[in-house]
Amino acid sequence: MKTFEVKATVEELRYDELTEAQKALADLAREATHRSYAPYSHFRVGAAIRLSNGEIITGANQENAAYPSGTCAERSACYYDGVNYPDARFEAIDIADRGTDGEFVDEPCSPCGACRQALLQYELLAGRGVEVLLCGRDRIYRLDSIRSLLPFAFTEF
Ligand SMILES: [Zn+2]
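I will try to describe carefully the structure that is included in this document. Worth saying up front: this structure is predicted, and the values here are computed from it rather than measured. (Residues numbered from 1 in each chain as written. Predicted model: local features only at pLDDT ≥ 70, side-chain atom pairs only at ≥ 80, totals over all residues. Heavy atoms only, no water.)

A few words on helix 3 (residues 113-126). Along an α-helix, a turn takes 3.6 residues, which lines up residues three or four apart on a common side. A rise of 1.5 Å per residue sets the reference length of helix 3, with its 14 residues, at 20 Å; its end C-alpha atoms lie 20 Å apart and thus fit the reference within 8%. Residues of helix 3 that are buried: Cys-115, Ala-118, Leu-119, Leu-120, Tyr-122, Glu-123 and Ala-126. Each element contacted by the buried residues of helix 3 is listed here: helix 2 (73-84) and strand 4 (90-98). A positive phi of about 80 degrees marks Gly-127, the residue just after helix 3. (Helix = DSSP H or I, 4+ residues; strand = E, 2+ residues; numbered from the N terminus. Expected span 1.5 Å × (residues − 1). Buried < 20%, exposed > 50% of the residue type's maximum accessible area, 1.4 Å probe, protein only. Contact = heavy atoms within 4.5 Å.)

So this is what it looks like as structure tokens:
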């Protein structure tokens, strides 16, 4: 039997350690949590994606009474990109979350499996790693790529 390891390196940063570009993305992701529609979970998520054309697009989770019909912040942003900027490529994504108490979460929250799969598709289109920033209240986790979030991903590429 042969075994191998799959590793992901996660950097833990504070806000003041971010570059100006990272801070701008983090600020927009946090701001986007206020446009979440989460009357059921009360878990408000915002996402901000920096594109290769310099645009930054945002998304927020949108829930629905028919529960599976809602969507996460990450997918609302990336599908908006696919429709409006089909030629631009992802450079970085920041995701911020506020818990049921309305405060930003202490432990940075990671995207759900469906979002990881959707985001990976856009990383493959970009042809290089897309920086991932996961924002908690004081801590920010940074990864070099979406693939780090989804080892053994399903891909057709
Ligand atoms: Zn999700």
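Six octahedral donors around a metal ideally sit at 90 or 180 degrees from one another, while four tetrahedral donors ideally sit at 109.5 degrees. Protein coordination at the zinc ion comes from Cys-72 (SG), Cys-112 (SG) and Cys-115 (SG), with a distance range of 2.2 to 2.3 Å. Binding-site remark: the zinc ion is held by donors from one chain whose sequence spacing is C-x39-C-x2-C. Residue Cys-72 is located in the loop between strand 3 (56-60) and helix 2, and its partner Cys-112 is located in the loop between strand 4 and helix 3; the two are separated by 40 residues in the primary sequence. Taking relative accessible area as the criterion, Cys-112 reaches 34% and is therefore assigned partly exposed. (Donors = N, O, S within 2.8 Å, 3.2 Å for Na, K, Ca; no water.)

Grouped together as the largest cluster of nonpolar side chains are 26 residues, with contacts concentrated most on Ile-49, Cys-78, Phe-90, Ile-93 and Val-132. Elements with a minimum of two residues in this core: strand 2 (44-51), helix 2, strand 4, helix 3, strand 5 (131-135) and strand 6 (139-143). Not counting the four nearest positions on each side in its chain, Val-132 is found in contact with Ile-93, Tyr-141, Arg-142, Leu-143, Ser-145, Ile-146 and Leu-149. In this structure, Leu-18, Ala-26, Ala-92 and Leu-133 belong to the second largest nonpolar core, which totals 11 residues. (Core = buried A, V, L, I, M, F, W, Y, C linked by side-chain atoms within 4.5 Å.)

Now for the layout of surface pockets. Of the pockets and cavities examined, the largest pocket occupies roughly 340 Å³. In this structure, the largest pocket is lined by 19 residues; those nearest its centre are Asn-61, Glu-63, Tyr-67, Thr-71 and Cys-72. Of all the secondary structure elements, the ones that give two or more residues to the lining of the largest pocket are helix 2 and strand 4. Among the residues making up the lining of the largest pocket, the classes are represented as 9 nonpolar, 6 polar and 4 charged. (1 Å grid on protein atoms, 1.4 Å probe; cavity = no way out; pocket = protein on both sides within 12 Å on 5 of 7 lines; lining within 4 Å. Points joined across faces, edges and corners; volume = space filled by probe spheres on them. Nonpolar A, V, L, I, M, F, W, Y, C, P; charged D, E, K, R; others polar.)

Okay, the pairing of strand 2 next. Within strand 2, 7 of the 8 residues are buried, which leaves the element mostly enclosed by the surrounding structure. Pairing of strand 2 with strand 4, which is carried by 8 bridges, proceeds in the antiparallel orientation. Opposite Arg-44, over in strand 4, you have Arg-98 as the bridge partner. The hairpin formed by strand 2 and strand 3 contains 4 residues between the paired strands, and Gly-54 there has a positive phi angle of roughly 90 degrees. (Pairing = 2+ DSSP bridges.)

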